[in-house]
Amino acid sequence: MLSLQAGAVQAGLLGPLLGLMQPQLENRLARECQAWAGGGSEELRRSLEQPCRQLAGPTSRCLIEETERSGRSFAVMQDLLRGQLGNDSTVVIKRCAARLLGLAPDSLKDVPLEELSKRFRKDPALTGAL
């Protein structure tokens, strides 16, 4: 019972903090999108600025919502502070990717992030679904 109360307090306190971090997360996602999709071409990277910015908004909201839904807010905050991608952050990313693709939340849980990244690179139509 005590652990359930602690989880509720944690979620109640960290949700607004995650919301405050959304603009920074959105900017980071937009930059990462440009770097990832632009490859080594500066011209392509610049042309992707607006599409990546448009993708970053819903993606950042999804990541924050899935962080709260999954009850992993505290661990994800720790990952953010360390600047690392831990197990909890990986779970949230996979849940969000599944949600944005219209899949069940846990449908990508057994797929390594590296594999998801490779598939997105091979099939640009997947990115359009987001």
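## Digging into helix α5 (residues 73–82)
Turning to step 1, where the next piece is worked out: Listing the buried residues of α5 in full gives S73, A75, V76, M77 and D79.
Turning to step 2, where the next piece is worked out: Positive phi appears at G83, one or two residues downstream of α5, with a value of about 70 degrees.

## A look at the packing of helix α2 (residues 22–38) against helix α4 (residues 49–69)
Turning to step 1, where the next piece is worked out: Following both chains from N to C, one finds α2 and α4 inclined at 135 degrees, their axes separated by 8 Å at the closest point. Viewed along their axes, α2 and α4 adopt a mutual orientation that is oblique. Considering how the two elements wind past one another, α2 and α4 form a crossing that is right-handed. Along its contact with α2, which presents Q22, L25, E26, N27, L29, A30, C33 and Q34, the element α4 presents E49, C52, R53, L55, A56, G57, T59, S60, R61, L63 and I64.
Turning to step 2, where the next piece is worked out: Partitioning the contact of α2 with α4 into residue classes produces nine nonpolar, six polar and four charged.

## Description of the pattern of salt bridges
Turning to step 1, where the next piece is worked out: In this structure the tally under the stated criterion is ten salt bridges.
Turning to step 2, where the next piece is worked out: With its nearest N and O atoms 3.2 Å apart, the salt bridge here joins R28 to E32. Of this pair, R28 and E32 both sit in helix α2, four residues apart, which is roughly one turn of that helix.
Turning to step 3, where the next piece is worked out: What makes E32 partly exposed here is its relative accessible area of 42%.
Turning to step 4, where the next piece is worked out: For E42, the salt bridge identified is with R46, shortest N-O distance 3.6 Å.

## Observations concerning the environment of L17
Turning to step 1, where the next piece is worked out: Of note, L17 is situated in helix α1 (residues 2–20).
Turning to step 2, where the next piece is worked out: Judged by its relative accessible area of 36%, L17 is partly exposed.
Turning to step 3, where the next piece is worked out: Each C-alpha atom, one on L17 and one on S73, is 9.8 Å from the other, the two residues being 56 residues apart in sequence.

## Observations regarding the state of the cysteines
Turning to step 1, where the next piece is worked out: Per the stated rule, a full pass over the model turns up two disulfides.
Turning to step 2, where the next piece is worked out: A sulfur-sulfur separation of 2.0 Å characterises the disulfide bridge that pairs C33 with C52. The chirality of the disulfide connecting C33 with C52 is left-handed, given an S-S dihedral of about -65 degrees. A residue pair is termed long-range when its members are at least 10 positions apart, and C33 in helix α2 and C52 in helix α4 qualify at 19 residues. Assigned by exposure class, C33 and C52 land together as buried.
Turning to step 3, where the next piece is worked out: The disulfide that involves C62 links it to C96, with 2.1 Å between the sulfurs. One end of the pair, C62, is in helix α4; the other, C96, is in helix α6 (residues 87–100), and 34 residues separate them in sequence. For the pair formed by C62 and C96, the shared burial category is buried.
Turning to step 4, where the next piece is worked out: Numbered by order of appearance in the sequence, the disulfide-linked cysteines of the protein chain pair as 1-2, 3-4.

What counts as what
Here the residue index of a chain counts from 1 through its sequence in written order. For this predicted model, a pLDDT threshold of at least 70 governs which residues receive local features, and a threshold of 80 or more governs which side-chain atom pairs are given and counted, while totals over whole chains, interfaces and linings are taken from all residues. To get the side-chain values, take all heavy atoms of the structure and skip hydrogens and water. Exposure categories follow from relative accessible area, calculated using a 1.4 Å probe and restricted to protein chains: below 20% of the type maximum is buried, above 50% is exposed, and the middle band is partly exposed. Strands here mean DSSP runs of E at least two residues long; helices mean DSSP runs of H or I at least four residues long; both are numbered from the N terminus. Angles run from 0 to 180 degrees between N-to-C directions of axes, and those axes are lines fitted to C-alpha atoms, restricted for helices to the stretch in contact. Each angle is binned into one of four classes, with values under 35 degrees roughly parallel, values over 145 roughly antiparallel, values of 65 to 115 roughly perpendicular, and all other values oblique. Should the near helix be turned anticlockwise from the far one by less than a right angle, the crossing is termed left-handed; should it be turned clockwise, right-handed. Only heavy atoms matter for contacts: two residues are in contact if any of them lie within 4.5 Å across the pair. All amino acids are sorted into three groups, where Ala, Val, Leu, Ile, Met, Phe, Trp, Tyr, Cys and Pro are nonpolar, Asp, Glu, Lys and Arg are charged, and the leftover types, Gly among them, are polar. What counts as a salt bridge is simple: a side-chain nitrogen of Lys or Arg found within 4 Å of a carboxyl oxygen of Asp or Glu. By disulfide we mean two sulfur atoms from cysteines, separated by a distance within 2.5 Å.

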